[in-house]
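Architecture and fold: a report
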Amino acid sequence: MTEPARWRRMWRRLGLRVLPALAMFLLFTWPLPRFLFTGIPSSAQSTEKYDWRRMIPGDHLQFLYQVWLAGDMIKGRTPLFLNPYEFNTGRDEERHEAHSYFLPAPLFYLVGEAIGGRAFGWNLMLFAHALMTYLFTALLLRRYAAEPRASWLFALPALALPCLWINLCGGSPTGIGMAFVPLVFLGLDMAVREDRVKGGMLAGIGLVMTYSTDAHTVFFSALAAPAWCLLAFVARERFEWRRPKAWGRLALAMLPAMVALAVVFAMSRSIQANIENSQVLEGSRSVEEVKKFTPTLAGLLRWHGRGKDAHIFLGWTAAIGLALGWLAALPRAGRDFRNRWRRFVMLSVLLAGMAGIVTLALGPYGPLDGLAFRVARKLIPHYGMIRQPAKAYCLMPTLLAVATLLAAGPLLDSTRFRRAGARLAAAAVALAVVECRAQVRACVALLDREQGAYAAVAEDAARRGQAPRALAVALWPGDSHWSSLNEYYGLLHRVRMVNGYRALVPRKYIDEIFRRFESVNVGDLADEQADELLGRGVGCVMLHEDAFPEKVSPYPVGFTLQRLLNHPRLALLKQAGPVWAFRILDRAEARPEQTAGWTAVFPARSWECEGGRMPNSLPILRDPSASGGGFVRLDRESPNAATTRLTGATDAPKQRWMIRLRGRGTAACEEEINGIISRRTDMEVESEAWIWREWPLPGLAQFSTVKLRVKGKSGIVDADLIILGAGEWRSLEVGESLELPAPCFFHAGQTDLEKDAVMFSAERDPADAIFYGPNLPLAPGRYRVELIFASPAANGTRLGRLTVRAGTDQAGPFDVSAGASCAGEFDARANLPARLDFRYSRRGDVAIRGVVIARLR
């Protein structure tokens, strides 16, 4: 064969190996091929309209940050083992983190980044690991396949299982770690069956790579290694077990793998030290916490399963095929009985292993009330730290591929029907791929190439000769996916962020940073806090207006924005889209008040009294006129009480407790601030109908935790609902109307101060209820509500829908279309909190200026 012909043959064979993996990658990640250079996968279970959106926060951005940072270290742009752009509280040297940084992922990323930019680098890295999963699985299968071509066919199920794409697309390191599981098993197979030292070396490399990429994968690979060695020993043709030399050769072949395992164990001790220093995890996780992340058995075969159930999908094709293959593999007397018996035992062991993986993945929902899970937590060190039992599925693609090959053996080995059997096997594999693909719906997050507010922070710091540092609002305790936005933009513009995101957060960060500066989430920044931030070198506060869920504040993001804009120690640097940057000033400066018209403050904190009843045995009484359909009865003769949960609060204007009561008697109210009972008062109630009683919450000197308890003092009082309210609000008389500015509502998008409007972008904001309020009571009557908006979209474009509800009363949906007005009428039969929802369609940009509510009768 000539040299050119040899090269052509080599490239043809390489193409035949790569193309199936490439086809599977493009098939399972669609619509990613449309955005290869501009976006990255964010999920394999899309909930987004059109399956793409700009800058979706989540684990994918966090993982991108880590790989991108490692690539920067390799290029020399960031010092080696230094992670200065998250959890940076003022000293870069404290951010030294020596670990593997998911190697070899950063190497693939750098190649792709050099070719097509950051997004392409990430996508190339994902494909490289999908390709390795396919290649290593095929090489393992070749050791069990009579026909080499069959190994490439039966490696496809390993790439088809939804668990692989859920992890790869969702930004979990388990997705890339799964690529090295078949390499570990391949090496062990070579070492045990053939006494090859090379096999032990491959297994060792695989173990180190799984450790480098994902702790779950190396953990379960190490647990499964002895079982795979047993399987390989069954497959071994001959072993002279009475000869010491045979054992010596086997031990020598296994030595590299054992050394690698010891090295991995030693390195994992540092992880244990970090866990012990974590506020998030102390000891084993509770079973109740694990249950929140555990799938149910129905997910094994359920089509279009959502959430955690989808992680363990196996499919009807695989289940039926394996069952039929096992029955067909039952050994019968005749020629080649020994080999048939060996194959049957191997297939049985593999199926038992797969059943064991499913059992472990079901965690506390497994057979016998999670017996295997409970035993594993008790006997296996560190098993109790696992929050997601379905991570055990990292082994499933490899075991499934080998099991399907062995199950198809009777078809492929038939001398009479070999061709028909091969076609049938290929059709079964294709059907399994189609079935698994139907369970995957990838979503793409488009990446910003710049963020003007972060750029302004960096430029301002450069002018001052300082390193750019900032604290972003909302500030989380380090465990929220929303902070992935801060990581991305921080690294993009080299801004050292106080914020960060990881599974395990140091106690020091919780105590000294989060609890100390949590008040900034409500715009409360005291002079001593501002001085401390400046002392740490943190010169800016940033607000992400579209990343501000209700959990972080008792009031909408507009309340926080208003306080930051008017704060005497802050000066607006720049607004870029939904992100605001404020410089912290050395001293207070007087300036004209902004946003004076934002007098309404809508509540995010309300409590159903039946949900906070004390004791829990207190019966819930039912009434359709009650907020949640139920209430509690308070009287003097019993210790019954309705209580709120602890919530953070600041000195909001006209802040007050609002309590919905009825009956004839007296309710005793007890207020707790920062764990200390601060005030008590009595409320007289003389009404057979539900009425609202208010109790002003006096000015708080600082951000505090507050709690209210309501008990019966005399007579009988029914308690329905408690709200922590603030700002201007009044009941409308017939003929009166009230215009509410859009920035006062809970919303995504961005505020335009000049237009006094909230702007929504079809590219950036989700198709969801992203504008709502006021969550405050209206007097019984008939009302007209009008949404004041404008849009550059073509006339008739449906921008969304508007609904209104108050208790069980609901009106709408009313179409919100470009070039037309949107108004509707509704009845409020009870004085319950009313909520208006604008559900965005993403068919065009829209600006909402406000809502007008008019009482008709």
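Residues numbered from 1 in each chain as written. Predicted model: local features only at pLDDT ≥ 70, side-chain atom pairs only at ≥ 80, totals over all residues. Heavy atoms only, no water.

Considering unusual backbone geometry
Each neighbour pair has its own omega, and for L103 with P104 the value is 10°, a cis peptide bond. For the bond running from G812 to P813, omega is 10°, close enough to zero to count as cis. Locating P813 in the fold gives a position in strand β26 (residues 809-817). One non-glycine residue, F81, lies in the positive phi region at around 65°. Within the fold, F81 resides in the loop between α2 (59-75) and α3 (105-116). Here the phi dihedral of D195 falls at roughly 55°; this positive angle occurs in a residue that is not glycine. Take D195: it is sitting in the loop between α9 (181-194) and α10 (197-213). (Helix = DSSP H or I, 4+ residues; strand = E, 2+ residues; numbered from the N terminus.)

Here's the deal with the packing of aromatic side chains
On inspection of all chains with the given rule, the structure shows 31 aromatic pairs. The interplanar angle of 50° and the centroid separation of 5.8 Å between the aromatic rings of Y134 and W152 together place this pair among those described as tilted. Of this pair, Y134 sits in helix α4 (residues 118-142) while W152 sits in helix α5 (residues 148-154); the two residues are 18 residues apart in sequence, bridging distant segments of the chain. The class of W152 is buried, set by a relative accessible area of 13%. Consider the rings of F220 and Y383, whose centres lie 6.1 Å apart with planes at 90°: the pair is edge-to-face. One end of the pair, F220, is in helix α11 (residues 215-235); the other, Y383, is in the loop between α16 (367-379) and α17 (396-407), with 163 residues separating them in the sequence. Each member of the pair F220 and Y383 is classed as buried. (Phe/Tyr/Trp six-rings, centres within 6.5 Å; stacked < 30°, edge-to-face > 60°. Buried < 20%, exposed > 50% of the residue type's maximum accessible area, 1.4 Å probe, protein only.)

Observations concerning the environment of R842
Residue placement: R842 occurs in the loop between β28 (833-840) and β29 (846-855). By relative accessible area, R842 is classed as buried at 4%. Among all residues touching R842, those that are not within four sequence positions of it are E48, K49, Y50, W52, R53, A762, E763, D765, P766, A767 and L799. A polar side-chain atom of R842 sits 2.7 Å from the main-chain carbonyl oxygen of K49. In terms of polar contacts, R842 uses its side chain to reach the backbone carbonyl oxygen of W52, at 2.8 Å. (Contact = heavy atoms within 4.5 Å. Polar contact = N/O pair within 3.5 Å; in protein donor to acceptor, adjacent residues only side chain to side chain.)

Looking at a nonpolar patch on the surface
On the surface, V197, M201, L252, L255, V259, V263 and M267 cluster together into a nonpolar patch covering about 570 Å² of accessible area. Within the residue set of the nonpolar patch, elements represented by two or more residues are α10 and α12 (244-276). Mapped onto the fold, V263 is located in helix α12. Of the residues examined, V263 reaches a relative accessible area of 41% and is grouped as partly exposed. (Patch = residues over 30% accessible without salt bridge, like charges linked within 9 Å, V, L, I, M, F, W, Y side chains within 5 Å. Areas by Shrake-Rupley, 256 points an atom, 1.4 Å probe, with all protein chains shown as cover. Salt bridge = Lys/Arg side-chain N within 4 Å of Asp/Glu carboxyl O.)

Points about the pairing of strand β22 (residues 757-760)
Both faces of β22 are covered, namely the face carrying A757 and M759 and the face carrying V758 and F760. Taken together, strand β21 (residues 750-752) and the strand that follows it, β22, pair antiparallel across an intervening segment of four residues, in which D756 is found at a positive phi of about 50°. Alignment of β22 against β29, held across three bridges, turns out to be antiparallel. Bridge pairing in β29 places M759 opposite A847. (Pairing = 2+ DSSP bridges.)

Observations concerning the sheet that holds strand β6 (residues 540-544)
Taken together, five strands build an open sheet; the order of strands is β5-β4-β6-β8-β7 and the sheet is mixed. If you trace the sheet from one side to the other, it starts and ends with β5 (496-497) and β7 (570-576), each paired once. Here β6 runs beside strand β8 (residues 579-584); their pairing, made up of five bridges, is antiparallel. Looking across to β8, one finds that M542 is bridged to A581. In the packing of helix α24 (residues 557-565) onto the sheet, contacts are made with β4 (469-473), β6, β7 and β8, and the angle to β8 comes to roughly 30°. (Axes fitted to C-alpha atoms, helices over the stretch in contact; angles between N-to-C directions.)

What about the packing of α9 against α10?
A packed helix pair is summarised by two numbers, namely the angle formed by the two axes and the spacing between the axes. Taken N-terminus to C-terminus, the directions of α9 and α10 make an angle of 160°; their axes are 7 Å apart at the nearest point. Here α10 runs roughly antiparallel to α9, going by the angle between their axes. Between α9 and α10 lies a crossing of left-handed hand. For the pair formed by α9 and α10, the contact residues are V181, L183, V184, G187, L188, M190 and A191 on the first element and K198, G199, G200, L202, A203, I205, G206, L207 and T210 on the second. Class assignment for the residues of the contact of α9 with α10 results in 10 nonpolar, five polar and one charged. (Parallel < 35°, antiparallel > 145°, perpendicular 65-115°, else oblique. Left-handed = near helix turned anticlockwise from the far one by under 90°. Nonpolar A, V, L, I, M, F, W, Y, C, P; charged D, E, K, R; others polar.)

Considering the nonpolar core
Ranked by internal contacts, the top residues of the largest apolar core, which has 149 residues, are W165, F185, L188, W228, Y393, Y488 and M542. Sorting elements by how many residues they give to this core places α4 first, with 13 residues. Residues contacting Y488, with those up to four places away along its chain left out, are M55, L61, L64, W68, R118, L447 and D448. Of all hydrophobic cores here, the second largest spans 80 residues; its members include F87, V538, W692 and L740. (Core = buried A, V, L, I, M, F, W, Y, C linked by side-chain atoms within 4.5 Å.)

A word on helix α7 (residues 162-169)
Counting buried positions along α7 gives eight out of eight residues, so the element sits mostly inside the fold. G171 occupies a position one or two residues after α7 and carries a positive phi of about 80°.

Examining the side chain of S172
By the secondary structure assignment, S172 is in the loop between α7 and α8 (173-177). A residue is classified by how much of its surface remains accessible, and S172, at 13% relative accessible area, is buried. Those residues in contact with S172 that lie beyond four places of it in its chain are F63, N167 and K391.

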